[in-house]
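What the coordinates show
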Amino acid sequence: MKNNLHTPNSLKIFLLGFMGAGKTTIGKKLAKALEIPFLDLDQVIEKEEGATITTLFAKLGEAEFRKLEGSYLKSFSYPEQFLLATGGGTPCFYDHLDWMNDQGTTIYLKLSSKSLHDRLKNATKEDRPLLQNKNESELLTYIETSLSQREPFYSKAQITLKGENLSIKDFVNIFEHKI
Ligand code: S3P
């Protein structure tokens with residue numbers, strides 16, 4: 001996917017995907033391999049607001065949280081090059097996805113509902129307000145429903161990579177050949 005905006009010398013990468021897809025874990029490794037700064041949108045919001053995502057969700061409600069998330073996404077002072085791990089819902093509200101597609105390279109880390117469930121069922125839910133108070137079967141239903149609603153947004157990313165068993169070497173290879 002070569003174009004004038006996204007030359008390898010000006011890497012602006014937005015990593016998208018459902019909760020548990022590995023955006024932070026893989027994102028950090030990829031940023032290191034590409035020698036560019038790693039940013040995490042949730043962490044940016046938490047630092048600037050002085051509150052956790054869970055507290056902000058409880059205080060503002062989801063609709064207001066989405067506006068806040070969008071304003072940080074769009075007004076953050078990004079360095080020249082970066083890899084940003086977005087929140088699972090970031091691309092699915094307002095014009096966030098179009099905005100990211102205009103600004104840089106969007107990569108969707110795609111995993112099946114089953115893989116996401118396997119990863120999320122034992123993960124801590126404290127920092128994921130949308131998953132709290134769900135037992136294993138409710139969690140699976142939530143993932144399946146929410147993923148099918150979000151897939152039309154995620155699938156507009158410029159690059160889609162299967163997130164299961166993705167090695168950083170593969171990732172860098174695939175990525176370098178696609179931009
Ligand atoms: C959300 C995902 C979370 C966080 C918030 C909402 C979502 O980020 O932004 O809890 O709507 O999927 P991670 O995908 O990093 O867990």
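Because the structure is predicted, anything quoted here is derived from the model rather than measured.

This paragraph deals with helix α3 (residues 53–60). Each full turn of the α-helix corresponds to 3.6 residues, which orients residues three or four apart in the same direction. Taken together, the buried positions of α3 are Ile-53, Leu-56 and Phe-57. Taken down its axis, α3 places every buried residue within 100° of arc, on the same side. Across α3 from its buried face, at more than 90 degrees, point the exposed residues Ala-58 and Lys-59.

Next up on the list: the nonpolar core. By size, the foremost hydrophobic cluster in this structure holds 51 residues, and its most contacted members are Phe-14, Phe-18, Ile-45 and Phe-171. Among the elements that line this core, the one with the most residues is helix α7 (residues 136–154), at five residues. The residues touching Phe-14, leaving out its near neighbours within four places in the chain, are Leu-73, Tyr-78, Phe-82, Leu-84, Trp-99, Met-100, Gln-103, Gly-104, Thr-105, Thr-106 and Ile-107.

Here the focus is the confidence of the model for the protein. Across the protein, the average pLDDT comes to 92, with 93% of residues at or above 70. Counted against residues more than four places away or in other chains, residues 1–7, with its pLDDT under 50, gives 14 contacts.

A separate point is the sheet that holds strand β4 (residues 105–110). Strand order in the open sheet formed by five strands is β2-β3-β1-β4-β5, and the pairing between neighbours is parallel. Pairing within the sheet leaves two strands with one partner each, and these edge strands are β2 (38–40) and β5 (159–162). Put simply, the sheet's adjacent strands are angled 25° from each other on average, direction ignored. Note: strand β1 (residues 12–16) against strand β3 (residues 82–85), four bridges, orientation parallel. Considered in β3, the bridge of Phe-14 is made with Leu-84. Strand contacts of helix α1 (residues 23–34): β1, β2, β3 and β4, with the helix running at about 160° to β2, the strand carrying the most contacts.

Calculation notes
Residues numbered from 1 in each chain as written. Predicted model: local features only at pLDDT ≥ 70, side-chain atom pairs only at ≥ 80, totals over all residues. Heavy atoms only, no water. Buried < 20%, exposed > 50% of the residue type's maximum accessible area, 1.4 Å probe, protein only. Helix = DSSP H or I, 4+ residues; strand = E, 2+ residues; numbered from the N terminus. Arc of directions from axis to C-beta. Core = buried A, V, L, I, M, F, W, Y, C linked by side-chain atoms within 4.5 Å. Contact = heavy atoms within 4.5 Å. pLDDT = per-residue confidence, 0-100. Pairing = 2+ DSSP bridges. Axes fitted to C-alpha atoms, helices over the stretch in contact; angles between N-to-C directions.

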